[in-house]
Amino acid sequence: MSRYMLTCSYDGYNYMGFQIQNALPTIELELMKAFYKVCKEEVKIYPSGRTDRYVHAIGQVFHVDLNINIPPEGLLKGLNAYLPKDIFIKECKLVNEDFHARFSAKQKEYRYYINTKAYDPLTVRYMPYIPNLDIDAMHEAISYLIGEHDFKGFASASIDPRKSTIKTIFHIEIISKEAYLEFRFVGNGFLKYQIRRMMGMLVEIGRHHFEPHRIKEILESKNPCDSKYILDGCGLYLFKVEY
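Residues numbered from 1 in each chain as written. Predicted model: local features only at pLDDT ≥ 70, side-chain atom pairs only at ≥ 80, totals over all residues. Heavy atoms only, no water.

Student: With reference to specific residues and values, describe the overall build of the chain.
Tutor: For the chain, the count of helices and strands is five helices and nine strands. Start at the N end of the chain and walk to the C end: the helices and strands fall as β-α-β-β-α-β-β-α-β-β-β-α-α-β. On C-alpha atoms alone, the chain measures out to a radius of gyration of 19 Å, which is about the 18 Å that the 2.2 N^0.38 rule sets for 243 residues. Burial analysis of the chain (243 residues in total) assigns 51% to the buried set. Taking as baseline every contact in the chain between residues at least 6 positions apart, the subset at least 24 positions apart corresponds to 72%. Surface exposure of the chain reaches about 12,300 Å², of which carbon and sulfur atoms provide 49%. (Helix = DSSP H or I, 4+ residues; strand = E, 2+ residues; numbered from the N terminus. Rg over C-alpha atoms; globule rule 2.2 N^0.38 Å. Buried < 20%, exposed > 50% of the residue type's maximum accessible area, 1.4 Å probe, protein only. Contact = heavy atoms within 4.5 Å. Areas by Shrake-Rupley, 256 points an atom, 1.4 Å probe, with all protein chains shown as cover.)

What follows is the structure, encoded as structure tokens:
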């Protein structure tokens, strides 16, 4: 049996997320169908993490174990021949059996994009339109998020209560472009909806609906009801996973 590590990118707008959900369109379902056509066997896919509905990826990583020996470059070409045009395998390589796409990851980087200048129907699938934001207020707010915290207040209320909600955010950056804002989040891992909830509160602060220290209050309350502003998945991108 051989273990392969693969890196893929995808446009998530036409999918219900990464994780397979019966016959609903998901990234995992399309990958499994492509593997079956190439390898003639059903495979289990182990992703670095599961992206939500509409969320995109530039550097999603997953691993599989195959019973057949196939050169990585041949597997890459074969999979891309059968995958839909909005999913693409960028890299494929053999790894040791102790490698795990999720548990071996040291840090992940997500990016969120907001169109701030003028409504554009050609970009609404890839960044929401939110004008007139106070960037200085948002800069002040992100300082409360950096470091190790219990992020239960920014997580989905439906996550497994046995799962730890303590995560470390190493770096957050807001980059102002001519027509949009780019938010970069780098951490050792993120909870379900965590970035979209943090972004929702940052936007509310940028609209002057809350003061920047509201972030600190939500971290202390650990109540997901306090971060009910959840931005659209279409602006979120899994950018890179580092091992």
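Student: Help me get a handle on the pattern of salt bridges, residues and values and all.
Tutor: Evaluated as defined, the whole model comprises twelve salt bridges. A salt bridge links aspartate 65 to arginine 3; the nearest nitrogen and oxygen atoms lie 2.7 Å apart. Of the two residues, aspartate 65 sits in strand S3 (residues 56-66) while arginine 3 sits in strand S1 (residues 2-10), which places them 62 residues apart along the sequence. Accessibility classification places aspartate 65 together with arginine 3 in one group, the buried group. For the salt bridge of glutamate 109 with arginine 111, the shortest nitrogen-to-oxygen distance reads 2.7 Å. (Salt bridge = Lys/Arg side-chain N within 4 Å of Asp/Glu carboxyl O.)

Student: I'd like a rundown of the nonpolar core, residues and numbers included.
Tutor: Core analysis: the largest hydrophobic core is formed by 66 residues, its most contacted members being Leu6, Phe35 and Leu75. No other element matches the seven residues that helix H4 (residues 194-206) contributes to this core. Residues within four places of leucine 75 in sequence aside, it is in contact with Tyr4, Leu6, Phe35, Val38, Cys39, Leu66, Ile70 and Cys92. (Core = buried A, V, L, I, M, F, W, Y, C linked by side-chain atoms within 4.5 Å.)

Student: Describe the packing of aromatic side chains, listing the residues and the values that go with them.
Tutor: This structure, assessed with the given rule, holds nine aromatic pairs. Ring geometry for tyrosine 10 and phenylalanine 18: centres 6.3 Å apart, planes at 40°, overall tilted. Residues tyrosine 10 and phenylalanine 18 agree in their burial class; the two are buried. Over the ring of tyrosine 46 we find lysine 44; its NZ or CZ atom is 5.3 Å from the centre of that ring. Of note, arginine 111 hangs over the ring of phenylalanine 239, and the distance from its end group to the ring centre comes to 3.5 Å. (Phe/Tyr/Trp six-rings, centres within 6.5 Å; stacked < 30°, edge-to-face > 60°. Lys NZ or Arg CZ within 6 Å of the ring centre and 35° of its normal.)

Student: Account for a positive patch on the surface, with residues named and values stated.
Tutor: A cluster of like positive charges, contributed by Lys44, Arg50, Arg102 and Lys163, occupies part of the molecular surface. Within the secondary structure layout, lysine 44 lies in the loop between helix H1 (27-39) and strand S2 (46-47). Since its relative accessible area comes to 54%, lysine 44 is described here as exposed. (Patch = residues over 30% accessible without salt bridge, like charges linked within 9 Å, V, L, I, M, F, W, Y side chains within 5 Å. Lys, Arg positive; Asp, Glu negative; His and termini not counted. Charge placed at Lys NZ, Arg CZ, Asp CG, Glu CD.)

Student: Go over the packing of helix H3 (residues 135-142) against H4 with me, naming the residues and quoting the values.
Tutor: Contact geometry of H3 with H4 gives a least axis separation of 8 Å together with a crossing angle of 135°. Between H3 and H4, the interaxial angle falls into the category oblique. Considering the relative orientation of H3 and H4, their crossing is right-handed. Contact with H3, carried on its side by Ala137, Met138, Ala141 and Ile142, involves Leu202, Val203, Ile205 and Gly206 of H4 and no other residues of that element. When grouped by side-chain class, the residues that make up the contact of H3 with H4 number seven nonpolar, one polar and no charged. (Axes fitted to C-alpha atoms, helices over the stretch in contact; angles between N-to-C directions. Parallel < 35°, antiparallel > 145°, perpendicular 65-115°, else oblique. Left-handed = near helix turned anticlockwise from the far one by under 90°. Nonpolar A, V, L, I, M, F, W, Y, C, P; charged D, E, K, R; others polar.)

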